[in-house]
Amino acid sequence: MIQRTLHIESFLRPDKVLILYGPRQVGKTTLLKRYMSEHHPDVQYRTGDDLVFANDIGRCDLHLLRSMVEPDSLFAIDEAQKIPEIGRALKLIVDNIPGVQVIVTGSSSFDLAHRTGEALTGRKTVCMLYPVSLQELLYTSTPYDLNRRLPELLVYGMYPEVVSLTSAAEKSERLREIAHSYLLKDILEFDSVKSSRVLMDLLRLVAFQIGSELSTTELSRSLGIDKNTVSRARGPFG
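In short, a report on the structure.

Looking at the nonpolar core
And then number 1: The biggest cluster of nonpolar side chains holds 24 residues, and the ones touching the most others in it are Ile57, Phe75, Ile77, Leu90, Ile93 and Val102.
And then number 2: Of all the elements in the fold, those that place two or more residues in this core are strand 1 (16-21), helix 2 (51-58), helix 3 (62-68), strand 3 (74-78), helix 4 (86-96) and strand 4 (101-106).
And then number 3: Residue contacts for Ile93: discarding those within four places in its chain leaves Ile57, Leu65, Val69, Phe75, Val100 and Val102.
And then number 4: Of all hydrophobic cores here, the second largest spans 20 residues; its members include Leu6, Leu31, Leu32 and Ile103.

What follows is the structure, encoded as structure tokens:
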């Protein structure tokens, strides 16, 4: 199992929210569950995939929130970006339930950032979880072994599951699955970008211009679409 260098316990504070941002499939849920099993087996763990819970906490009813969350406890929410009014709900929790420590994860980091935004100003610590680093791989590999694997790592990247697979065919298949089932889904949901074909064409054009200045006008002309659509599609990439 790959060891991550992000130590959750060093970021937790009473009456504060720790937000774990990052793209899908980089290990946020695995990291959170490992931390809970090792340090807080009695944690209150919820997920935004639970529609009943998501609806309840999204109501921002303080009486209901107090029945959900105990004082001086650790409260964890996975997939928090799926919960309406999540920022306001978290603000009510940390402002009104003494001693609580809250951890939330968001697979769609740009959406969760938008949803928490100003509501948690001064009440949150933000950590970005990226794919695996070479430093983390050194826990289980020698520098010599990593040097031999460098061409493979450069081609297939550092997603935890991809790194753990052994054959090139398995790595390629898993990368395609991540790209089409997770990453593109997130980006298409961001700011109403509707066409996956346009997005893929844009990604190809951007890839061909690495190291060069990008022009929204030139990209829109090449793609045959409106410049504003290009600007929205580029949003998730910064």
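Re the pattern of salt bridges
And then number 1: Going through the model one piece at a time under the given rule, you end up with nine salt bridges.
And then number 2: A salt bridge links Glu152 to Arg149, with the shortest nitrogen-to-oxygen separation between them at 3.0 Å. Here Glu152 and its partner Arg149 are both found in helix 7 (residues 143-156), three residues apart, which amounts to about one turn of the helix.
And then number 3: When its relative accessible area of 23% is taken as the criterion, Arg149 is described as partly exposed.
And then number 4: The residue Arg176 makes a salt bridge to Glu173 at a minimum N-O spacing of 3.2 Å. Here the residue Arg176 and the residue Glu173 both occupy positions in helix 9 (residues 168-189), the gap between them amounting to three residues, near one helical turn.
And then number 5: The network of salt bridges with shared partners includes Lys91, Asp95 and Arg123.

With respect to the sheet that holds strand 3
And then number 1: Sheet architecture is open: five strands sit in the order 2-3-4-1-5, paired in parallel fashion. Every interior strand has two partners, whereas the edge strands, strand 2 (44-47) and strand 5 (124-128), have only one. In this sheet, adjacent strand axes meet at a mean angle of 15° when their direction is disregarded.
And then number 2: Examined bridge by bridge, strand 2 and strand 3 share four bridges and lie parallel to one another. Within strand 3, the residue paired with Thr47 across the bridge is Asp78.
And then number 3: Across the sheet, helix 4 lies against strand 1, strand 3 and strand 4, angled at about 165° from strand 4, the strand it touches most.

Comments concerning the pairing of strand 3
And then number 1: Among the five residues that make up strand 3, five are buried, leaving the element largely enclosed by the rest of the structure.
And then number 2: Residues Leu74, Ala76 and Asp78 point to one face of strand 3 and Phe75 and Ile77 to the other, with burial holding for every one of them.
And then number 3: Inspection of the sheet shows strand 3 paired to strand 4 by four bridges, in the parallel sense. Bridge pairing in strand 4 links Leu74 to Gln101.
And then number 4: At this point the chain moves from strand 3, through helix 4, to the parallel strand 4, and the crossover so formed is right-handed.

Section: the layout of surface pockets
And then number 1: There is about 370 Å³ of room inside the largest pocket.
And then number 2: Lining the largest pocket we find 20 residues, and of these Gln25, Val26, Gly27, Lys28 and Thr30 sit closest to its centre.
And then number 3: Those elements that provide at least two residues to the lining of the largest pocket are helix 1 (28-39) and helix 8 (160-164).
And then number 4: Along the lines of polarity and charge, the residues of the lining of the largest pocket split into six nonpolar, seven polar and seven charged.

Section: the side chain of Lys28
And then number 1: Mapping Lys28 onto the fold places it in helix 1.
And then number 2: Glu79 provides the closest opposite charge to the buried, unpaired Lys28, separated from it by 6.5 Å.
And then number 3: Here the side chain of Lys28 touches Pro23 through a polar contact of 2.8 Å, landing on its backbone oxygen.
And then number 4: The residues contacting Lys28, other than those within four sequence positions of it, are Leu20, Tyr21, Gly22, Pro23, Thr105, Gly106, Ser107 and Leu129.

Examining helix 7
Every α-helical turn comprises 3.6 residues, leaving residues that sit three or four positions apart pointing alike.
And then number 1: Relative to the 20 Å expected for 14 residues at 1.5 Å per residue, helix 7 spans 19 Å between its end C-alpha atoms, a close match to the ideal helical length.
And then number 2: Along helix 7, the helix axis deviates most sharply at Arg149, where the bend reaches about 55°; the proline Pro151 sits within four residues downstream.
And then number 3: Every buried residue of helix 7 is accounted for by Leu146, Leu153 and Tyr156.
And then number 4: Backbone geometry just downstream of helix 7 places Gly157 in the positive-phi region, at approximately 80°.

A word on helix 4
And then number 1: Buried residues of helix 4: Ile86, Gly87, Ala89, Leu90, Ile93 and Val94, and no others. For helix 4, the buried positions fall inside an angular range of 160° around the axis, keeping them on one side.

Quick word on the environment of Pro131
And then number 1: Considering the arrangement of structural elements, one finds Pro131 in the loop between strand 5 and helix 6 (134-137).
And then number 2: What makes Pro131 partly exposed here is its relative accessible area of 29%.
And then number 3: Separated by 30 residues in sequence, Pro131 and Glu161 have C-alpha atoms that sit 9.8 Å apart.
And then number 4: With sequence-adjacent residues up to four places away left out, Pro131 is seen in contact with Arg4, Val26, Glu136, Met158 and Tyr159.

Cut-off values and rules
- Residues numbered from 1 in each chain as written.
- Predicted model: local features only at pLDDT ≥ 70, side-chain atom pairs only at ≥ 80, totals over all residues.
- Heavy atoms only, no water.
- Core = buried A, V, L, I, M, F, W, Y, C linked by side-chain atoms within 4.5 Å.
- Buried < 20%, exposed > 50% of the residue type's maximum accessible area, 1.4 Å probe, protein only.
- Helix = DSSP H or I, 4+ residues; strand = E, 2+ residues; numbered from the N terminus.
- Contact = heavy atoms within 4.5 Å.
- Salt bridge = Lys/Arg side-chain N within 4 Å of Asp/Glu carboxyl O.
- Pairing = 2+ DSSP bridges.
- Axes fitted to C-alpha atoms, helices over the stretch in contact; angles between N-to-C directions.
- Right-handed = clockwise from strand over helix to strand, strands pointing away.
- 1 Å grid on protein atoms, 1.4 Å probe; cavity = no way out; pocket = protein on both sides within 12 Å on 5 of 7 lines; lining within 4 Å.
- Points joined across faces, edges and corners; volume = space filled by probe spheres on them.
- Nonpolar A, V, L, I, M, F, W, Y, C, P; charged D, E, K, R; others polar.
- Lys, Arg positive; Asp, Glu negative; His and termini not counted.
- Polar contact = N/O pair within 3.5 Å; in protein donor to acceptor, adjacent residues only side chain to side chain.
- Expected span 1.5 Å × (residues − 1).
- Bend = angle between axes of the 7 residues up to and from the residue.
- Arc of directions from axis to C-beta.

On their own, these measurements won't tell you what the molecule is for.
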